[in-house]
Amino acid sequence: MINGNLKATYASDERVLNNSYKQAFVYGMMVVLALFAAFANDYMILIACKMGILLIAVVGVNILTGYTGLVSLGHGAFVAIGAYAVTILDNGLAGIIPEQILFFVIVPLAVAITALIGILVGLPSLRVKGLYLAVATLAANFIVIFLIEQDAFAPWTGGVVGVDTPDANLLGWVLDTNREMFILIAVVAFVSLLAAQNLIRTRIGRAFIAIRDRDYSAEILGISLLRYKLTSFALSAAYCGLAGAMFAFFYSRILPEQFELDLSLELVAALIVGGMGRTMGPVFGVMVIVMMPEVIKVFAAYFTGGDASSARYISPLQEIAFGLLLVFFLLKEPLGINQITDRILRAANRWPFARG
């Protein structure tokens with residue numbers, strides 16, 4: 001019964017490569033990424049790595065908010081937990097586990113730890129939803145950052161001054177450059193996106209969608225709200241924990257201020273702009289959110305002639321553009337850029353290139 005109308009509604013989203021234009025786009029992007037890794041300059045590689053890390057986290061937010069309908073403003077805390085867990089585990093297990101395989105031990109452990117904490121944070125979702133749940137997750141974000149900064153945990157977290165992070169060691173291959181890290185982050189981001197897409201095609205994914213559309217009806221049909229809401233929180237937190245692990249390996253030092261409210265809002269904003277509950281939504285959203293400040297910098301430098309004093313105007317301009325972008329998509333295109341691209345691709349597939 002659940003798979004009836006919902007299956008028809010989301011069939012097009014299940015099959016990511018459901019026409020030749022989408023197939024050409026995906027295969028083309030794979031070629032572009034390979035060429036990008038080989039020929040892009042260091043600054044472009046830096047931006048691409050940021051996009052990849054953010055994408056992994058936004059995919060996790062999409063599972064919770066886009067597919068399950070549970071609003072969270074605290075996922076920056078899960079990214080922080082993943083980053084600090086990897087660093088602490090690396091320091092604690094170094095010398096006990098061979099360095100060549102340490103990466104393959106500490107990353108799954110960090111993801112598992114983040115998922116367990118995600119379950120704890122998700123407990124209020126059993127009683128509240130909407131704005132009240134958003135406030136509860138927001139409080140969790142502040143609590144996690146507060147604990148990281150405390151002197152009691154400073155031997156592990158470094159407190160407000162942060163802590164140095166390890167290099168990724170893949171079976172003896174130490175990734176100590178941004179270009180090498182880009183390869184790892186791109187692979188992890190692609191696998192994460194593919195795994196999330198396939199998750200929605202399973203019974204668990206169907207349950208998430210049913211809860212989002214009408215949780216009381218889903219419960220009547222035999223879907224356990226307790227089980228699936230907490231599962232959604234765990235999976236979403238796990239994705240953010242994985243993003244945090246990549247964050248720690250990418251940056252040489254992590255600080256609590258990197259994971260404050262701004263990061264949580266950025267994750268939600270990327271999902272809104274890209275399209276909630278859609279496979280490619282996080283991809284489009286992350287591209288816009290990360291590239292928007294860079295575009296503003298370019299325009300500001302062009303119109304001011306590179307005047308150094310103009311830098312003080314860039315940050316306010318970014319915040320204004322950020323807010324206007326959110327307002328535009330919330331009012332004019334709630335389904336985000338993904339919906340716009342879908343309409344363009346469907347039109348192109350019908351005319352004038354449609355097969356007879």
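All figures in this text were calculated on a predicted structure; none of them were measured in a lab.

S.K.: Just checking my understanding: could you explain unusual backbone geometry for this structure?
M.R.: Among all residues save glycine, negative phi is the norm, and among peptide bonds the norm is trans. For Leu-171, which is not glycine, the phi torsion reads 55 degrees and is therefore positive. The topology assignment puts Leu-171 in the loop between strand E2 (168-170) and strand E3 (173-175). Residue classification places Leu-171 among the exposed positions, given a relative accessible area of 61%.

S.K.: Mind showing me how you'd approach empty space enclosed by the protein here?
M.R.: Rolled over the atoms, a probe with the dimensions of a water molecule shows which regions are left empty. This model, assessed by the stated rule, comprises 1 cavity of 30 Å³ or more. Considered as a void within the structure, the largest cavity measures approximately 50 Å³ in volume. In this structure, the largest cavity is lined by Val-59, Asn-62, Ile-63, Tyr-67, Leu-193, Ala-196, Gln-197, Ile-200, Arg-278, Thr-279 and Pro-282. Mapped onto the lining of the largest cavity, the elements with two or more residues apiece are helix H3 (42-67) and helix H8 (178-200). Per-class residue counts for the lining of the largest cavity are 7 nonpolar, 3 polar and 1 charged.

S.K.: How should the layout of surface pockets be read in this particular structure?
M.R.: What the largest pocket holds in volume is close to 1200 Å³. Lining the largest pocket are 35 residues, with Met-29, Leu-33, Leu-55, Phe-190 and Val-283 sitting closest to its centre. Of all the secondary structure elements, the ones that give two or more residues to the lining of the largest pocket are helix H2 (20-39), H3, H8 and helix H13 (281-304). It is H8 that provides the largest number of residues to the lining of the largest pocket, a total of 11 residues. Counted by class, the lining of the largest pocket contains 32 nonpolar, 3 polar and no charged residues. Quantified by volume, the second largest pocket comes out at close to 970 Å³. Lining the second largest pocket are 28 residues, with Asp-262, Leu-263, Glu-266, Ile-289 and Pro-293 sitting closest to its centre. Taken together, the elements giving at least two residues each to the lining of the second largest pocket come down to H3, helix H11 (225-250), helix H12 (261-274), H13 and helix H14 (311-332). Of the residues belonging to the lining of the second largest pocket, the class tally is 17 nonpolar, 3 polar and 8 charged.

S.K.: Teacher, can you tell me more about the packing of aromatic side chains here?
M.R.: Ring pairs (aromatic) are described by centroid distance and by the angle formed between their planes. In total, this model carries 8 aromatic pairs according to the counting rule given. Taken together, Tyr-84, Phe-247, Phe-250, Tyr-251 and Phe-259 form an aromatic cluster joined through their ring pairs.

S.K.: Quick question: what am I supposed to make of H12 here?
M.R.: Think of an α-helix as turning once every 3.6 residues; residues three or four places apart then point the same way. Relative to the 20 Å expected for 14 residues at 1.5 Å per residue, H12 spans 20 Å between its end C-alpha atoms, a close match to the ideal helical length. Burial within H12 is extensive, with 10 of its 14 residues counted as buried. Residues of H12 that are buried include every one of Leu-263, Ser-264, Leu-267, Val-268, Ala-269, Ala-270, Leu-271, Ile-272, Val-273 and Gly-274, and no others. Gly-275 sits one or two positions beyond H12 and adopts a positive phi of about 130 degrees.

S.K.: Looking at this structure, how should I read the packing of helix H4 (residues 75-93) against H12?
M.R.: Two numbers describe a pair of packed helices, the interaxial angle and the distance between the axes. One can describe the packing of H4 onto H12 by two numbers: an axis separation of 7 Å at closest approach and a directional angle of 115 degrees. Classified by the angle their axes make, H4 and H12 are roughly perpendicular. Taken as a pair, H4 and H12 cross one another with a handedness that is right-handed. Across from His-75, Gly-76, Ala-77 and Val-79 in H4, the residues of H12 making contact are Leu-263, Ser-264 and Leu-267. Partitioned by chemical class, the residues of the contact of H4 with H12 number 4 nonpolar, 3 polar and no charged.

Thresholds applied
Residues numbered from 1 in each chain as written. Predicted model: local features only at pLDDT ≥ 70, side-chain atom pairs only at ≥ 80, totals over all residues. Heavy atoms only, no water. Helix = DSSP H or I, 4+ residues; strand = E, 2+ residues; numbered from the N terminus. Buried < 20%, exposed > 50% of the residue type's maximum accessible area, 1.4 Å probe, protein only. 1 Å grid on protein atoms, 1.4 Å probe; cavity = no way out; pocket = protein on both sides within 12 Å on 5 of 7 lines; lining within 4 Å. Points joined across faces, edges and corners; volume = space filled by probe spheres on them. Nonpolar A, V, L, I, M, F, W, Y, C, P; charged D, E, K, R; others polar. Phe/Tyr/Trp six-rings, centres within 6.5 Å; stacked < 30°, edge-to-face > 60°. Expected span 1.5 Å × (residues − 1). Axes fitted to C-alpha atoms, helices over the stretch in contact; angles between N-to-C directions. Parallel < 35°, antiparallel > 145°, perpendicular 65-115°, else oblique. Left-handed = near helix turned anticlockwise from the far one by under 90°. Contact = heavy atoms within 4.5 Å.

Function-wise, these values are silent; they only describe arrangement.
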